Amino acid sequence: MTIRHRITLLVILTFVALSIIGGYAVYQTRASAQKVRQVTEGVVPSALASADLVSQVKAVQIATMTLVYAPDDTVVEQALDNLKKLRGDIDQSLARQAEGAASDAQKGLVTQARESVENYFNAINDTAKLKQAGKTEMAQAFLFAMVAQYRDELEGVVNTLRVEKNRQKDSAITTLNDTLSTTTTAIGIVTGLAIVLLTAIGALLYRQITRPLSRMQAMMSEIANSQDFTRRVPVGRMDEIGHSIVAFNGMIEKIQERSAQLKQKTADIQAMLQNMQQGILTVVDGSKVHGEYSAYLEAIFETQDIAGRGVMDLVFGDSDLGSDALSQVEAAIDACIGQDAINFAFNEHLLVGEIGKRMPDGRIKQLDLTWSAITDESDTILRLMLCVRDVTELRELAAEANEQKQRLEMIGEILAVSQEKFHHFIESSSDFIRENERIIRKHSQADSAAIAELFRNMHTIKGNARTYNLQYLTNVVHETEQSYHELRQPDVARLWDQDGMMRELERVREAVDAYAHINEISLGRKGPGRAADEQSMVVDRAHIRASLRMLEAADPNDLHQLVAMRDAVHQTLRLLGTEGVGEALGGVLDSLPSLAGELGKPAPAVRIDDNGYRLRAPAVRILRDVFMHLLRNSMDHGLEGADERRAKGKPAAGTIDIEVGLDHNMLQVTLTDDGRGLALHRIRSIAVQRGWITAETYVTDEQIAQFIFRPGFSTASEVTEVSGRGVGMDAVQDFVRREHGRIELRFTDERKGAEFRQFQTVVCLPDNLVVDGFDLNSVAADAVDLPALDAVVPRIGLNAGLNAGTNAEMGADTKAAPDKSHDDLSQTGKV
């Protein structure tokens with residue numbers, strides 16, 4: 001017989017025994033319940049009701065007394081109403097007593113009680129009539145005579161009925177108790193027999209099933225605890241337990257095989273962890289490091305205290321992460337372990353990928369961190385695996401490579417600029433930096449004029465750097481310029497910080513010095529440039545040879561010729577070290593085609609008429625800074641796009657004219673373009689918005705034009721890299737005033753009050769900054785009969801091609817990058 005059959009038979013026997021016990025218990029319980037119901041619902045309530053009947057008779061007696069002795073009719077009426085109610089209550093109680101009568105005697109008593117009640121209440125009614133008739137004495141006499149007699153009779157009957165009911169109740173309760181005692185004894189005997197039967201069945205189950213299972217479980221547990229998979233559980237009989245033991249022994253055999261394989265794999269993994277040149281650890285619940293980790297991890301963190309240590313302390317202690325980043329990492333780790341794998345996808349971005357960790361000796365190691373989740377079959381994260389790589393040397397090599405790349409790019413940028421232009425740029429930038437340093441040290445708190453001056457100087461450095469495509473320097477200067485720009489904004493809470501501003505300025509100085517160092521040390525280009533020096537020397541030698549030729553040809557006896565020769569030599573010496581306007585503005589002019597390309601406009605034609613005038617060195621420096629703004633403003637806002645120009649009947653490419661002259665002992669350099677003109681309507685609107693004038697104020701076009709020279713003025717609708725910072729003409733005016741000059745706007749049309757008007761920008765400087773190159777030829781011609789001086793000094797002549805330099809169109813390609821940061825004071829004009 002199998003265990004299944006044994007258990008089935010035992011269950012059936014148990015069910016039968018329990019059914020018998022239960023059936024008998026139900027039978028006895030139902031019988032007892034019926035008797036209890038009879039007593040509780042019939043006998044006992046009836047006995048209690050008989051007691052109530054006695055009290056009701058007493059209540060009638062009291063109501064009758066109240067009626068007889070009532071002081072007025074109202075009390076009488078109330079007493080009568082009460083007697084009626086009491087009569088109904090007594091009738092109902094007698095009806096219940098009749099229903100619950102258990103014997104003829106009880107029924108007879110009920111009948112007798114009803115007759116007594118009838119007589120009693122008839123006597124009471126007669127008494128009430130006497131009382132109502134005002135015969136109180138007769139009513140009282142009738143009360144004590146007739147009514148009392150019927151009352152005593154009724155009380156006797158009711159008391160007898162009550163005694164009879166109580167005797168019935170006591171007899172029923174005694175019988176019920178005897179029945180319950182018999183039932184309890186019978187159920188106890190049956191229950192005892194059931195317990196004996198179940199005990200026997202349990203013993204049989206233990207012997208047949210539980211004991212073999214316990215032995216099997218004990219041996220299996222012993223094998224599992226000892227991990228001795230060579231042992232086997234003996235098989236006693238081939239029932240279900242025997243088959244289970246056979247299956248268990250087969251499983252043990254497979255476990256033994258798998259254990260051998262697992263040991264081999266574990267040994268392989270340990271060998272890998274001990275020898276791989278990478279740190280690997282796993283983070284378990286509580287953000288602790290698991291005991292198994294790669295040996296190289298100790299070399300990375302330079303400690304053997306790793307197992308069981310908090311990952312935040314081991315990996316991120318003494319790192320360069322801020323408190324906020326550390327909190328995010330810790331929260332992300334806690335949010336992943338023990339949760340669904342999707343949590344890792346949501347929080348992976350918070351687990352940083354690289355940190356700088358300070359070692360005990362002060363060294364900083366750059367560590368690359370790679371995170372991954374280890375999940376179970378239900379995609380629940382059990383651990384986080386962290387791979388750590390020491391990339392310090394790699395990052396140092398990358399930094400060196402980037403530094404070399406940047407250095408090569410800077411060398412390429414420098415080589416794209418002539419030595420002379422680059423030298424002038426470095427000198428100009430250094431001057432502006434020194435000026436800013438002086439301003440910052442001079443002011444201990446914010447000053448609007450000082451901030452405007454700082455911004456203009458830095459903006460000019462950036463514009464010149466963009467002209468020569470010095471990108472690294474441009475970016476550095478732009479950051480400093482941006483901080484100055486924020487100081488100019490009333491809605492930006494940026495404080496005047498002398499130390500911070502000096503650090504920013506020092507960064508700009510270091511960038512300029514870096515370019516200068518590469519130019520002088522790496523490229524060996526010191527000074528203004530050998531080519532420029534050689535050209536200048538050739539020109540100077542030509543000037544001197546021409547003067548000597550004139551002196552040799554002069555008649556020493558001719559005072560007129562000697563005076564003319566003196567004037568010619570004087571003029572020659574004056575021309576030494578001067579430059580033509582085209583040469584002075586060469587760098588800015590070369591950047592216009594690239595700027596035009598970025599603005600989506602054709603490159604303009606630039607025409608220069610220098611009228612033979614040459615510039616001294618101070619004028620060259622000033623005009624470079626000034627025309628860096630003016631030419632770019634003209635390109636950005638003065639000249640229209642190609643489509644707009646064609647629609648107006650203009651050539652697609654614009655034209656810019658530069659003319660040099662002298663007037664009232666002042667050098668005048670005039671800039672004109674054929675664009676749409678000065679946006680007077682827009683300038684006036686901005687002046688009204690800023691409260692400089694009211695909408696009703698009458699101002700002339702000339703007065704409106706003067707608003708563009710106010711600091712911070714800009715017509716650009718938004719701040720961009722191209723425009724909108726509000727620097728331009730105020731900077732130009734400041735540059736010119738430093739050299740005791742001025743700048744003027746002159747309208748060239750008669751369209752007064754128009755939205756746009758054509759105009760010229762005239763830069764006026766002292767005449768001691770210019771030399772008239774034509775004077776030498778005229779003096780020489782008067783002094784001696786010689787060919788024109790440009791025949792003596794061919795091509796390179798006194799004006800770098802004295803006659804060839806005039807009325808020349810300039811629009812050649814250039815490698816210089818355009819300046820995206822020039823600012824303009826009009827959307828449509830060249831301001």
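Please read these numbers as outputs of a predicted model, since none were measured by experiment. (Residues numbered from 1 in each chain as written. Predicted model: local features only at pLDDT ≥ 70, side-chain atom pairs only at ≥ 80, totals over all residues. Heavy atoms only, no water.)

A. Here's a closer look at the overall build of the chain. Of regular secondary structure, the chain possesses 25 helices and 15 strands. Each of the 831 residues in the chain was classed as buried or not, and the buried ones make up 43%. Residue pairs in contact within the chain that sit at least 24 positions apart in sequence constitute 70% of those at least 6 positions apart. Accessible surface, the chain: about 42600 Å² in total, of which carbon and sulfur atoms supply 53%. (Helix = DSSP H or I, 4+ residues; strand = E, 2+ residues; numbered from the N terminus. Buried < 20%, exposed > 50% of the residue type's maximum accessible area, 1.4 Å probe, protein only. Contact = heavy atoms within 4.5 Å. Areas by Shrake-Rupley, 256 points an atom, 1.4 Å probe, with all protein chains shown as cover.)

B. Representation of the environment of Ser19. On the secondary structure map, Ser19 appears in helix 1 (residues 3-68). A relative accessible area of 35% means that Ser19 is categorised as partly exposed. Only 2.7 Å separates the side chain of Ser19 from the backbone oxygen of Phe15, close enough to count as a polar contact. (Polar contact = N/O pair within 3.5 Å; in protein donor to acceptor, adjacent residues only side chain to side chain.)

C. How the structure looks around the packing of helix 13 (residues 471-488) against helix 14 (residues 498-522). In the contact formed by helix 13 and helix 14, the axes pass within 9 Å of each other and the chain directions differ by 160 degrees. In this view, helix 13 runs roughly antiparallel relative to helix 14, as classed from their interaxial angle. Between helix 13 and helix 14 the crossing geometry is left-handed. Contacts between helix 13 and helix 14 involve Gln471, Tyr472, Leu473, Val476, Val477, Glu479, Thr480, Ser483, Tyr484 and Leu487 from the former and Met501, Glu504, Leu505, Arg507, Val508, Ala511, Val512 and Tyr515 from the latter. (Axes fitted to C-alpha atoms, helices over the stretch in contact; angles between N-to-C directions. Parallel < 35°, antiparallel > 145°, perpendicular 65-115°, else oblique. Left-handed = near helix turned anticlockwise from the far one by under 90°.)

D. Highlighting the pattern of salt bridges. Inspection of every chain in the model, using the stated rule, returns 36 salt bridges. Among the salt bridges present, the one from Glu118 reaches Arg87, with a minimum N-O distance of 2.6 Å. Highlighted residues: Glu118 in helix 3 (residues 104-132) and Arg87 in helix 2 (residues 73-99), separated in sequence by 31 residues. Of the residues examined, Glu118 reaches a relative accessible area of 35% and is grouped as partly exposed. With a shortest N-O distance of 2.6 Å, Arg607 and Asp657 are connected by a salt bridge. Note that Arg607 is positioned in strand 6 (residues 605-609) and Asp657 in strand 8 (residues 655-663), a separation of 50 residues in sequence. Bridged by salt links that share partners, the residues Glu640, Glu644, Arg645, Lys648, Lys650, Asp674 and Arg676 form one connected network. (Salt bridge = Lys/Arg side-chain N within 4 Å of Asp/Glu carboxyl O.)

E. Examining the nonpolar core more closely. Core analysis: the largest hydrophobic core is formed by 90 residues, its most contacted members being Leu473, Leu615, Val626, Phe627, Leu631, Ile658 and Val763. Of the residues forming this core, the biggest block, 10 residues, is contributed by helix 19 (residues 617-638). Excluding its chain neighbours within four sequence positions, the residues that come into contact with Leu631 are Val588, Leu589, Leu592, Ile656, Ile658 and Leu671. (Core = buried A, V, L, I, M, F, W, Y, C linked by side-chain atoms within 4.5 Å.)

F. Structural context of the sheet that holds strand 4 (residues 364-375). The strand order across the open sheet built from five strands is 2-1-5-4-3, with neighbouring strands paired in antiparallel fashion. What marks the edges here is a single partner per strand, and that holds for strand 2 (288-289) and strand 3 (354-358). By the bridge criterion, nine bridges tie strand 4 to strand 5 (residues 381-390) in an arrangement that is antiparallel. By the bridge assignment for strand 5, Thr370 is matched with Cys387. Docked against the sheet, helix 10 (residues 392-415) engages strand 3, strand 4 and strand 5, running at close to 120 degrees with respect to strand 4. (Pairing = 2+ DSSP bridges.)

G. Region of the structure containing the confidence of the model for the chain. Confidence in the prediction of the chain, expressed as mean pLDDT, is 78, and 81% of residues score 70 or more. Segment residues 718-726: pLDDT under 50, and 40 contacts once partners within four positions in sequence are set aside and those in other chains are kept. Low pLDDT, under 50, characterises residues 776-831; the predicted model gives this stretch 181 contacts beyond four residues in sequence or across chains. (pLDDT = per-residue confidence, 0-100.)

H. Examining a nonpolar patch on the surface more closely. Taken together, the side chains of Ile12, Phe15, Val16 and Ile20 present a nonpolar region at the surface, about 420 Å² in accessible area. Among the structural elements, Phe15 can be located in helix 1. For Phe15, a relative accessible area of 59% corresponds to the exposed category. (Patch = residues over 30% accessible without salt bridge, like charges linked within 9 Å, V, L, I, M, F, W, Y side chains within 5 Å.)

I. Just the pairing of strand 11 (residues 742-747), in detail. Residue alternation in strand 11 divides its side chains into a buried set, Ile743, Leu745 and Phe747, and an unburied set, Arg742, Glu744 and Arg746. Where strand 11 and strand 13 (residues 759-766) come together, six bridges link them in antiparallel fashion. Across the sheet, Ile743 pairs through a bridge with Val763, a residue of strand 13.

J. Local environment of unusual backbone geometry. The phi dihedral of Ser287 falls on the positive side, at around 60 degrees, and the residue is not glycine. Note that Ser287 resides in the loop between strand 1 (279-284) and strand 2. Unusually for a residue other than glycine, His664 sits at a positive phi of about 55 degrees. Examined against the element boundaries, His664 turns out to sit in the loop between strand 8 and strand 9 (666-673).

K. Fine view of the packing of aromatic side chains. Taken as a whole and judged by the stated rule, the model has five aromatic pairs. On the numbers, 6.4 Å between centres and 45 degrees between planes, the contact of Phe422 with Phe425 is tilted. Here the residue Phe422 and the residue Phe425 both occupy positions in helix 11 (residues 419-442), the gap between them amounting to three residues, near one helical turn. Note on accessibility: Phe422 and Phe425 belong to one class, buried. Relative to Tyr468, the ring of Phe425 lies with its centre 5.9 Å away and its plane at 75 degrees, an arrangement referred to as edge-to-face. With Phe425 in helix 11 and Tyr468 in the loop between helix 12 (448-467) and helix 13, this residue pair connects regions lying 43 residues apart in the sequence. Of the two residues, Phe425 and Tyr468, both sit in the buried class. In textbook terms, an aromatic cluster arises when at least three aromatic residues are bridged by ring pairs, as seen for Phe422, Phe425 and Tyr468. (Phe/Tyr/Trp six-rings, centres within 6.5 Å; stacked < 30°, edge-to-face > 60°.)

L. A look at a negative patch on the surface. On the surface, Asp390, Glu393, Glu396, Glu400 and Glu403 cluster together to form a negatively charged patch. The element best represented in the negative patch is helix 10, accounting for four residues. Locating Glu400 in the fold gives a position in helix 10. (Lys, Arg positive; Asp, Glu negative; His and termini not counted. Charge placed at Lys NZ, Arg CZ, Asp CG, Glu CD.)

M. Expanded view of helix 12. With 20 residues, helix 12 extends 28 Å from end C-alpha to end C-alpha; this agrees with the ideal 28 Å at 1.5 Å per step. Looking at where helix 12 begins, the residue whose side-chain oxygen comes 3.2 Å from the main-chain nitrogen of Ala449 is Asp447. A positive phi of about 60 degrees marks Asn469, the residue just after helix 12. (Expected span 1.5 Å × (residues − 1).)

N. Representation of helix 13 in the model. Here helix 13 contains 18 residues, and its C-alpha end-to-end distance of 25 Å stays within 8% of the 26 Å for a straight helix at 1.5 Å per residue. The complete set of buried residues in helix 13 reads Leu473, Thr474, Val476, Val477, His478, Thr480, Glu481, Ser483, Tyr484, His485 and Leu487. Close packing links the buried residues of helix 13 with helix 11, helix 12 and helix 14.

O. Here's a closer look at the packing of helix 18 (residues 586-599) against helix 19. Between helix 18 and helix 19, the least distance of the axes is 10 Å, while the angle of their chain directions is 25 degrees. What the angle tells us is that helix 18 and helix 19 run roughly parallel. As helix 18 packs across helix 19, the resulting crossing turns out to be right-handed. Of the residues in helix 19, those touching helix 18 at Val588, Leu589, Ser591, Leu592, Leu595, Ala596 and Leu599 are Arg624, Phe627, Met628, Leu631, Arg632, Met635 and Asp636.

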